[in-house]
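A look at the structure
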Amino acid sequence: MREEEVEKLRGVVRDCVTKHLYSSAIFFADKVAAFTNDPADIYMQAQALFLGRHFRRAFHLLNASKIVLRDLRFRYLAAKCLEELKEWDQCLQMLGDAKVDEHGNVYDSKDVNVMYPDEDGEDREINISSAICFLRGKAYEALENRAQARLWYKAAVKADPLCYEALECLIENHMLTGEEETSLLSSIQFGPEDDWLTSFYSCLIKKNDAENVVEGKFIELEKEGYNYNHSDPSFAHTWKNNTDLLVCKAEYYHQCGEYQKCFELTSALLEKDPFHMKCTLIHVAAATELGHSNELYLMACSLTKDYPEKALSWFAVGCYYYCIKNKATNHDGTFAPAWIGYGNAYAAKEVGDQAMSAYRTAARLFPGCHLPALYIGMEYMRTHSFKLAEQFFMQAKSICPTDPLVYNELGVVAYHKKEYDKAVCWFEKTLAHIPSALSEIWEPTVVNLGHVYRKLKMFNEAIKTYEKALTLSTRSVSTYAGLAYTYHLQDNFAVAIDMYEKALWLKPDDKFCGEMLAIALEEGAHRGMDPKLEYR
């Protein structure tokens, strides 16, 4: 066979791979490799076998070659075969010995003398060392050594910022705190042409900054663009309508408690890209918060039909049943929303032990996520273990110092411990950390602050705070009751009686308001006045 014929056959193999005709690719690659015995052709044959899912045969071919330990391509592909075969220890052995420090810097590596022939072409390639670091991370995570997995994922991103999968694992599995994510991004050496990538990655990490900072990041990235034809502005393109960027925005809206805004954005995105998994997750979460059980039912049916093996599908099922007040972790033990949702479902039914077990598992698996510690604290508070609750709230605060809900819970603990000055401080911090304008979901916090002012006998401040709460919601019994009691303590019986009556109109069987209304009427009568007449 002449060299020209061999080269034509190589072209046939490449074309078969492009057209996903893997059996044909394997057949012709085998003939080329048998004729030339060239390492490049052996590698091409192994690649065809791998793509055709003949992992054991591909590994045998690579391992039998004499250069598997000298050529990083051979070693990496052999390790990928072992990954597919779930032989994780052997996968790590094949990748070789190397160590990584806490910052993701690799040392004591013997790969420096291993050859990796550069391929001709203008395409930009991801550093093979980065891919190897990422595969090490996957192997360690599969072996449940999440500490080592975290370090190798960091090493992969630092070795090559284009290795997005490593960053995705760190973010989606909550392996780093917000501070650690920011530190990692600042340590990555991006190329001069990667300014847009720097901005995009900064939008992907935890959004714990002030509202104007986060919004500024989105605006900056939306302005990034490229003009293919400098003479015609219509050829200019930007990231403004990019799905991934809009999903980041939706996630931020959900984090801020703007669930309706989040739901509307994810609904529009799913019209355009109905199978975007991250968008689907946020959409399900927003629908659950808004109580849209019909939407959850349709999403659950669609997901379990199309993706019965994904944890997200069964998470949607769980959210539907949770929404109508009636388990997704069996499919993927590393799916954070499922563990937290699992705990919340038990907590809603006041099954504390199982809720705590789910939250503790989530805390162990996702050390960069503050929600497990927050919910553990809530469970302790439900059982009046305020000291333990405070410890876990402080732990949540150390992981995410910008979540207003953490400060709210610390304020509630301080209130129950009768540390009213401290409670005022925590509730005021809660309101200061809310990233957008006050909405109805924060009305309980404002009411709680009013209660604390009343306890401190700061009646005028309490009244102003309760009235502020009424601007957020006019159907809160607690607000009217607190306002009534404050006026009652000031001997302003007319207004107190009016507020008690408004509270009872909302909840006729409220025992406290019923009893206090009777007392206010009696005390007003003893003072020699008709409270209702005076009020008029």
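Since the model is a prediction, treat every value here as computed from it, not as a measurement. (Residues numbered from 1 in each chain as written. Predicted model: local features only at pLDDT ≥ 70, side-chain atom pairs only at ≥ 80, totals over all residues. Heavy atoms only, no water.)

With respect to the UniProt feature "repeat: TPR" (unreviewed entry) in the protein
Let me state the cut-off plainly: UniProt positions are given in the numbering used here, feature names are shortened, and annotations may be inferred rather than shown by experiment. Each helix corresponds to a stretch of at least 4 residues labelled H or I by DSSP, and each strand to a stretch of at least 2 residues labelled E; elements are numbered beginning at the N terminus.
Listed under "repeat: TPR" (unreviewed entry) in the UniProt record, and renumbered for this structure, are residues 404-437, 443-476 and 477-510. Helix makes up 79% of residues 443-476 and strand makes up 0%, while its end C-alpha atoms are separated by 9 Å. This span, residues 477-510, is 79% helix and 0% strand, and a straight line between its end C-alpha atoms measures 9 Å.

A look at helix α27 (residues 493-506)
Residues lying three or four places apart along an α-helix face the same way, a consequence of the helix completing one turn every 3.6 residues. This is how it is decided: Helix span is expected to be 1.5 Å times the residue number reduced by one. In this scheme, a residue with accessible area under 20% of its type's maximum is buried, one over 50% is exposed, and one in between is partly exposed, where area comes from a 1.4 Å probe on protein chains only.
Taking 1.5 Å of rise per residue, 14 residues should cover 20 Å, and α27 covers 20 Å from first to last C-alpha, within 8% of that figure. Taking burial as the measure, the 14 residues of α27 include eleven buried ones, the bulk of the element.

Some remarks on the confidence of the model for the protein
Close inspection of predicted coordinates is inappropriate for parts of the model with low pLDDT. Our working definition: Summary of the metric used: pLDDT quantifies the predictor's per-residue confidence within the range 0 to 100. Here, residues are in contact when the closest pair of their heavy atoms is within 4.5 Å.
In this model, the protein carries an average pLDDT of 85, and 87% of its residues clear a pLDDT of 70 or more. Segment residues 327-332 is flagged for pLDDT under 50; beyond a separation of four residues in sequence, or across chains, it makes 15 contacts in the model. Note that residues 531-536 has pLDDT below 50 and, in this model, nine contacts with residues that lie over four places away or in other chains.

Some words on the environment of Val284
Assignment of secondary structure puts Val284 in helix α15 (residues 277-290). On the basis of relative accessibility, which here comes to 0%, the residue Val284 falls in the buried class. With 31 residues separating them in the primary sequence, Val284 and Phe315 have C-alpha atoms 8.7 Å apart. Setting aside anything within four residues of it in sequence, one finds Val284 in contact with Leu296, Met299, Phe315, Ala316 and Cys319.

A short note on the packing of helix α4 (residues 55-64) against helix α5 (residues 72-84)
We apply this condition: To define axes, lines are fitted to C-alpha atoms, for helices over the stretch in contact only, and angles between the resulting N-to-C directions are given on a 0 to 180 degree scale. With respect to orientation, any angle under 35 degrees is reported as roughly parallel, any angle over 145 as roughly antiparallel, any angle of 65 to 115 as roughly perpendicular, and every other angle as oblique. Note on convention: the crossing is left-handed when the near helix lies turned anticlockwise from the far helix by less than a right angle, right-handed when the turn is clockwise.
The interhelical angle for the contact between α4 and α5, taken along N-to-C directions, is 150°, at an axis separation of 9 Å. Considering the angle they form, α4 stands roughly antiparallel to α5. For α4 against α5, the interelement crossing comes out left-handed. Taking contact as the criterion, the partners of Phe55, Ala58, Phe59 and Leu62 in α4 are, on α5, Phe74, Leu77, Ala78, Cys81, Leu82 and Glu84.

Let's talk about the pattern of salt bridges
Side-chain pairs of opposite charge can arise where the charged atoms are in close proximity. Definition in use: Every case where a carboxyl oxygen of Asp or Glu lies within 4 Å of a side-chain nitrogen of Lys or Arg is listed as a salt bridge.
Under the criterion given, the structure shown has 22 salt bridges. Lys138 serves as the salt-bridge partner of Glu83, at 2.7 Å between the closest nitrogen and oxygen. A residue pair is termed long-range when its members are at least 10 positions apart, and Glu83 in helix α5 and Lys138 in helix α7 (residues 128-142) qualify at 55 residues. Under the relative-accessibility criterion, Glu83 is labelled buried at 6%. You can call Lys138 partly exposed: its relative accessible area is 28%. Close ionic contact of Glu419 with Lys417 constitutes a salt bridge, the shortest N to O distance being 3.9 Å. Beyond isolated ion pairs, a larger network of salt bridges with shared partners links Glu3, Glu7, Arg10, Arg14 and Asp41.

Digging into the packing of helix α21 (residues 386-399) against helix α22 (residues 404-416)
Defined as follows: In this classification, Asp, Glu, Lys and Arg are treated as charged, Ala, Val, Leu, Ile, Met, Phe, Trp, Tyr, Cys and Pro as nonpolar, and every other residue, Gly included, as polar.
Running from amino to carboxyl end, α21 crosses α22 at an angle of 160°, the nearest separation of the two axes being 10 Å. Taken together, the axis directions place α21 and α22 in an arrangement best described as roughly antiparallel. In terms of crossing hand, the pair formed by α21 and α22 is left-handed. For the pair α21 and α22, contact is made by Phe386, Ala389, Glu390, Phe393, Met394, Ala396 and Lys397 and by Val406, Tyr407, Glu409, Leu410, Val413 and His416, respectively. For the contact of α21 with α22, the class distribution of residues is nine nonpolar, one polar and three charged.

Things to note about unusual backbone geometry
Positive phi, normally seen in glycine, also occurs at His384, with a value near 65°. Mapping His384 onto the fold places it in the loop between α20 (371-382) and α21. Using a relative accessible area of 58% as the deciding quantity, one classes His384 as exposed. Of note in the backbone geometry, Asp491 takes a positive phi value of approximately 65° without being a glycine. Looking at the secondary structure, you find Asp491 in the loop between α26 (477-489) and α27.

Structural notes on the nonpolar core
Under the convention used in this document: Take the buried residues of types Ala, Val, Leu, Ile, Met, Phe, Trp, Tyr and Cys, join any two whose side-chain atoms come within 4.5 Å, and each joined set is a nonpolar core.
With 61 residues, the main nonpolar core has Met381, Phe393, Leu483 and Tyr500 as its most contacted residues. Counting residues per element, this core draws most heavily on α27, at nine residues. Core analysis: the next-biggest nonpolar cluster, separate from the first, contains 40 residues, Ala29, Leu49, Phe74 and Ala139 among them.

What about the side chain of Thr177?
Within the element layout of this structure, Thr177 appears in the loop between α9 (164-172) and α10 (178-187). Here Thr177 falls in the buried class, since its relative accessible area comes to 18%.

Some points on the environment of Asp403
In plain terms, the rule: Pairing of N or O atoms within 3.5 Å defines a polar contact, subject to two protein rules: one partner must be a possible hydrogen donor and the other a possible acceptor, and residues neighboring in sequence count only if both atoms are side-chain atoms.
Mapped onto the fold, Asp403 is located in the loop between α21 and α22. Between the alpha carbons of Asp403 and Pro435 there is a distance of 9.2 Å; along the sequence they are 32 residues apart. Beyond its immediate sequence surroundings of up to four residues, Asp403 is in contact with His370 and Leu374. A polar contact is formed between the side chain of Asp403 and the side chain of His370, at a distance of 2.6 Å. At 3.0 Å, the side chain of Asp403 and the backbone nitrogen of Leu405 are in polar contact.

Digging into the packing of aromatic side chains
Centre-to-centre distance and the angle between the planes together describe a pair of aromatic rings. Keep this limit in mind: Working definition: rings of Phe, Tyr and Trp (its six-membered ring) pair if their centres are within 6.5 Å, and the pair is stacked with planes under 30 degrees apart, edge-to-face with planes over 60 apart, and tilted otherwise.
Summed over all chains, the structure comprises 14 aromatic pairs. Summarising the aromatic geometry, the rings of Tyr43 and Phe74 are spaced 5.6 Å apart at their centres and angled 40° between planes, so their arrangement reads as tilted. One end of the pair, Tyr43, is in helix α3 (residues 39-51); the other, Phe74, is in helix α5, and 31 residues separate them in sequence. Owing to a relative accessible area of 0%, Phe74 belongs among the buried residues under this scheme.

As for the environment of Cys323
Here Cys323 is to be found in helix α17 (residues 311-323). Judged by its relative accessible area of 16%, Cys323 falls in the buried class. The spatial distance from the C-alpha of Cys323 to the C-alpha of His292 is 7.8 Å, given a sequence separation of 31 residues. Residues in contact with Cys323, not counting those within four places in the same chain, are Gly291, His292, Ser293 and Leu296.

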